[in-house]
Amino acid sequence: MSQPLSFQRMILKLHDYWSERGCLILQPYDMEMGAGTFHTATTLRALGPEPWNAAFVQPCRRPTDGRYGENPNRLQHYYQYQVILKPSPPDLQELYLGSLAAIGIDFTKHDIRFVEDDWESPTLGAWGLGWEVWCDGMEVTQFTYFQQMGGFDCKPVAGELTYGLERLAMYIQDKDSVYDLAFNDAGVSYGDVFLENEKQMSKWNFEIADTDALFDLFRKHVAECENSLEAKLPIPAYEQAIKASHVFNLLQARGVISVAERQAYMGRVRDLAKGSCQAWIESNTPAWQAKYPGWTA
Amino acid sequence: MTDFLLELRSEEIPARMQDKAREDLARLFAAELTKAGLTAPELVTYATPRRLVLIARDLPGETAAVSEETKGPKASAPPQALEGFLRKTGLTREQLVERDGVLFAVIDKPGRATADVLAQAIPAIVRAFPWPKSMRWGSASTTTESMKWVRPLQGIVALLGEQIVPVEIAGVTSGAATVGHRFHHPGVITIGSAADYVEKLRACHVIVDHAERRQIIALGATMAARKAGLELIQDEGLLNENAGLTEWPVPLLGRFDEAFLDVPPEVIQLTARVNQKYFVCRDADGKLANAFVCTANIDAADGGAKIVEGNRKVLAARLSDAKFFYDTDLKVDLEEQAKKLGAIVFHEKLGTLADKVDRVARLARWLVEEGIVLPAPLPGREGPGVGPETQDRSSKDQPTPNPSLPGRGVLAALAERAARLAKADLVTGMVGEFPELQGLMGGYYAAAQGEDPAVAAAIRDHYKPVGQGDDVPTDPVTVAVALADKLDTLRGFFLIEELPTGSKDPFALRRAALGVIRLIVANGLRGELGQWLNKAADLHLETYLRSSGQAIPDAPMYLEVSDETKRLMADGEMLIDFPVAASAPCYAGLRAAGLHPAPPIDFFADRLKVQQREAGVRHDLIDAVFALGGEDDLVRLLARVAALQAFVGTPDGANLLAGYKRAANILKKEGVALAAPLPEREGLGVGLETQDASTKDQPTQHQLNQPPAGSDRPGDDRPVAPSLSGRGEGIPLSYTPEKAETDLIAALDSAAPRAASAVEAEDFEGAMAALATLRAPIDAFFEGVTVNDPEPAKRTARLALLARVRAAVHSVADFSKIEG
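The model shown is predicted, which means the values in this text are computed figures rather than measured ones.

Q: What am I meant to see in the overall build of chain B here?
A: Scanning chain B for helices and strands turns up 32 helices and 18 strands. Evaluated residue by residue, chain B yields a buried proportion of 52% over its 820 residues. Summarising the internal contacts of chain B: among those between residues at least 6 apart in sequence, 71% fall at separations of at least 24. Carbon and sulfur atoms provide 53% of the accessible area of chain B, an area that totals close to 35,100 Å².

Q: Honestly, the interface of chain B and chain A in this entry has me stumped. Any pointers?
A: Accessible area lost during the coming together of the parts is what is often quoted as the interface size. With 47 residues of chain B at the interface, the matching set in chain A holds 41 residues. Taken together, both faces of the contact between chain B and chain A bury some 3,600 Å²; the carbon and sulfur share is 53%. By the criterion of area lost to chain A, the three top residues of chain B are B:Arg136, B:Arg151 and B:Phe183, representing 15% of everything that side buries. Remark: the boundary between chain B and chain A carries 8 salt bridges. The salt bridge involving B:Lys313 is made with A:Asp176; its shortest N-O contact spans 3.7 Å. Of all elements in the fold, only α7 (265-276), β16 (288-296) and α8 (305-330) of chain B reach the threshold of two or more residues within the side of chain B that touches chain A. A total of 8 residues in the side of chain B that touches chain A trace back to one element, the largest contributor, which is α8(B). Here the residues of the side of chain B that touches chain A sort into 19 nonpolar, 15 polar and 13 charged.

Q: I would appreciate a short explanation of the nonpolar core in the present structure.
A: Most often, soluble globular proteins keep nonpolar side chains buried together rather than apart. One finds A:Trp18, A:Tyr190, B:Phe4, B:Trp149, B:Met430 and B:Phe815 to be the most contacted residues of the largest nonpolar core, which totals 245 residues. Take this core: its biggest share by element is 12 residues, from helix α16 (residues 476-495) of chain B. Excluding its chain neighbours within four sequence positions, the residues that come into contact with A:Trp18 are A:Cys23, A:Ile25, A:Ala55, A:Tyr81, A:Val83, A:Leu85, A:Leu95, A:Tyr96, A:Ser99, A:Leu161 and A:Tyr163. Judged by nonpolar contacts, the second largest core, of 29 residues, contains A:Ile84, A:Trp119, A:Ala158 and A:Cys277.

Q: I'm lost on unusual backbone geometry in this one. Help?
A: Leaving glycine aside, a negative phi is the common case for residues, and trans is the common case for peptide bonds. Omega for the peptide link from A:Lys86 to A:Pro87 comes to -5°, which places this bond in the cis form. Considering the arrangement of structural elements, one finds A:Pro87 in the loop between β3 (77-86) and α3 (92-102). The peptide bond linking B:Lys464 to B:Pro465 adopts the cis configuration, its omega dihedral lying at -10°. Even without glycine at this site, B:Asp58 takes up a positive phi of about 55°. Within the element layout of this structure, B:Asp58 appears in strand β3 (residues 51-59). Judged by its relative accessible area of 38%, B:Asp58 falls in the partly exposed class. At B:Ala170, a residue that is not glycine, the phi angle is positive and equals roughly 45°. Since its relative accessible area comes to 43%, B:Ala170 is described here as partly exposed.

Q: In this structure, what is going on with the sheet that holds strand β14 (residues 250-255) of chain B? I would like to understand it.
A: In any sheet, the strands associate via hydrogen bonds between backbone groups, in a parallel or an antiparallel arrangement. Residues and elements named next belong to chain B. Strand order in this open sheet of 4 strands is β13-β15-β16-β14, and the pairing throughout is antiparallel. Where the open sheet ends on each side, the last strands, each with one partner, are β13 (231-232) and β14. Against the sheet, α8 makes contact with β14 and β16, and its axis sits at roughly 125° relative to β16, the strand it touches most.

Q: Looking at this model, I keep getting lost on helix α29 (residues 739-760) of chain B. Mind explaining?
A: Working note: α-helix, 3.6 residues per turn, so residues spaced by three or four point in the same direction. A rise of 1.5 Å per residue sets the reference length of α29(B), with its 22 residues, at 32 Å; its end C-alpha atoms lie 31 Å apart and thus fit the reference within 8%. Looking one or two places after α29(B), you find B:Glu762, whose phi comes out positive at around 60°.

Cut-offs and rules
- Residues numbered from 1 in each chain as written.
- Chains lettered and ligands numbered in written order.
- Predicted model: local features only at pLDDT ≥ 70, side-chain atom pairs only at ≥ 80, totals over all residues.
- Heavy atoms only, no water.
- Helix = DSSP H or I, 4+ residues; strand = E, 2+ residues; numbered from the N terminus.
- Buried < 20%, exposed > 50% of the residue type's maximum accessible area, 1.4 Å probe, protein only.
- Contact = heavy atoms within 4.5 Å.
- Areas by Shrake-Rupley, 256 points an atom, 1.4 Å probe, with all protein chains shown as cover.
- Buried area = accessible area lost by both parts, 1.4 Å probe.
- Salt bridge = Lys/Arg side-chain N within 4 Å of Asp/Glu carboxyl O.
- Nonpolar A, V, L, I, M, F, W, Y, C, P; charged D, E, K, R; others polar.
- Core = buried A, V, L, I, M, F, W, Y, C linked by side-chain atoms within 4.5 Å.
- Pairing = 2+ DSSP bridges.
- Axes fitted to C-alpha atoms, helices over the stretch in contact; angles between N-to-C directions.
- Expected span 1.5 Å × (residues − 1).

Below is the structure:
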């Protein structure tokens, strides 16, 4: 058997694979976010009638998942590979399986399964039906047909694939710890690149971050989002909503938001995201309707 | 006769939906056939993750021709009527048939080809299919009107015999082609007919029959475990789920690191089952073994070695997370953990979880100190069997509340201790990760920190009984905590009027009420439920006052009658039909606090009826006992209902019921209101003195509304029975009574006090036996005596006699509620 793909080669393979199948290869969004779905290439582009096919890597930050670099599977910063295809093509499952084959998964020896897992993002006011894809019992991809985004029906429906890159790499390289992954083929490990980052960021997320400043930031991002919405600028408004969402996640990691308050904060972020989606739809509807007569939000 | 095959192929259908989908497919298909006048003698359905299949055997080639006859006007009818009929039927006069002077339109409908019927039926079935969740997809989904299915629909095979039934749904056209197993046989296969479908797919690594896949998994998993010297822990739910996740199931056994066995077995089993859908095994000693059985969907080229290794790693990662939580949790005392509950809101109007814990702890202690939960567990009983064995446990045999009784103080302390720690595991890492382990983990942590075993058990089991089939706790410490927890929740949400509506019960109050009922019944807990709820309300009020910064009075609030309460009672503003209301509560205090004062007794009555119906108890009999009012000792109530159910099943009971209903009907017709056994109440006996009464006015409405003598409030020591005794004698009547009349009087004189004192002694069978003696005299009375005698004195006296019959019967139950 040939040498398994390094982390970076796996990403390059996926880029090649989806590029050959008509996807734009985008770069990560330059802001902290909890999941690739927050990228405007997914959230905002899932709305409206225009076809949209894109693939990109998105770094994700989940402060509460930090383990100071001591847990082999949990990280506060990791990578997702996102593919969004709108409208969802009829052979999406086959396309997806083709991508697994491209990164070296042998279907005669491995057990691939589509296990029901409906996706819902309370912060984005979004939901969809789909599966978590299992490879020998490990969830390697979230596979979703978006039905709603920002509280609006997706017309048409987009298919979204979210690959957990570290998990897939651990699988392909047969490693028990994320830090042992070969990042390249020249001896640099994932740990060489990120272990110190995990240690320092975990400490900051859990122990150091100034909560007064964070509360203040949350309020400011909320205000700025509203300000942008008033100016009918959905993209800046949405960016502020993402920022508010990340600050909320940091506050959660600091343990200063009670269970009761949690709902209220999430509701606040959801309102901002929904408001941004609504503004996005409103600003684009005339153009969409000109190109796609009969389309309505 | 031809067989029909329908395969609806889609992307993976969730396992949990497949059984219902098969049923729905058969039901909808049968309905469509019936609508077209066809019946299929046999329908077979199959489901796999990727297909939903129906085979209908022996369909006729076409539907039968039918001749429909419509009746028209008479032949002699005016022309307008005829014209109207011709217009309606589209026929001419000549085509009508005349019979006995009436015109008929006969319309022959030729048979339709079955293929046509099916071509219409299939799209109708697909469009109407009731998936629990369905979705839109693809380029058609630019509108929300586009086709919905559980996941994208990929193909339709529709073959009647060997012929394709042409159908097009959402861009998918029917044909004879399908696909085999996703990896073993991804290519197209062509089906010849229903006859070769199952076998052709089997040849392409698809077992279409769910039951067969189940069997393969059950057998394969059991054998795999046995080969490893272990015993598979059977799990029907997992079998079903794995059968729904595979088209070609291959059970494989793997091992995990023995070090994980330090983690409680329930945690391992839950992790394996819920997250990974693995079976687990036990060893020869019956202990959980370090093995799992996963079910692959493929015959792997390497015999499954890589699959097992991959699954082992996933399980190891999950178990190491669990072990991390367990080890971390063990380092913190539960008392320390419990302190964090103050930061968690139970409900914004009901305080924090720490407030709840405090209330539950005090209520649990109270339940023991009041002798409601007793140190020695009473023999467990539940369901309809309550009757016979309770009858000899009269109230006099009950241990009286006595805090000095040995064990009482110890039990109270244990119950309070358990309650104070019972919710602490909610803040542990393990329960944070696996919420369904609440209670169980607390039990482990309590045992590990050296708590009394009864305390650990109570922490573990205090949420019980949860589901229908769940065990009911019987250990007194657990019973006290479990009962207190549920009473507190129920009373709290009723105070703030967060009540279940329709199918919505967000705080699971119905389940809590059912839990209370089952705890009471199974443990024979005696006392007034209303009072327990009042105590719970008392504690809630304290939480409220404390959180709003008000002073808490020293005396119990709810059980004290304030001047304001007395005023409200006098003004009739307070519900006084509830038994303890008279002795108690600070309704005013609750009201002032903005809380809703009425205790949820009706809610319990409804739950009780539902629960008892399932146990085979007639709900009308429960109504009959509830209608007497004031009974909130559920053990006594059910004993009475059980005796009543046995009694109305006997000829004596059935006849007495008939006699009662006759008497009650006469009284109703004569306007003698239900609650009118006034003569008895006044001790004048039987109403036979009523020469006076008859000359007076009819009883006023006010008097009629007095509670019936038989209402027998618990704790009411108004001596009903003695006042009835020995009264038939020597009371002057203005006329010579007939024999049947004097016989009934004598029977009542004997039976009424016996029934009443039997009720008093909770000997409900005895009470029924006493009533049974009335049957013959009542029958004879109706046989030989005219109630509605022209002489007012006779009429009045006889009505009064019937009223006395009714009252005597009501001393046991309100027979007017009994059906039949």
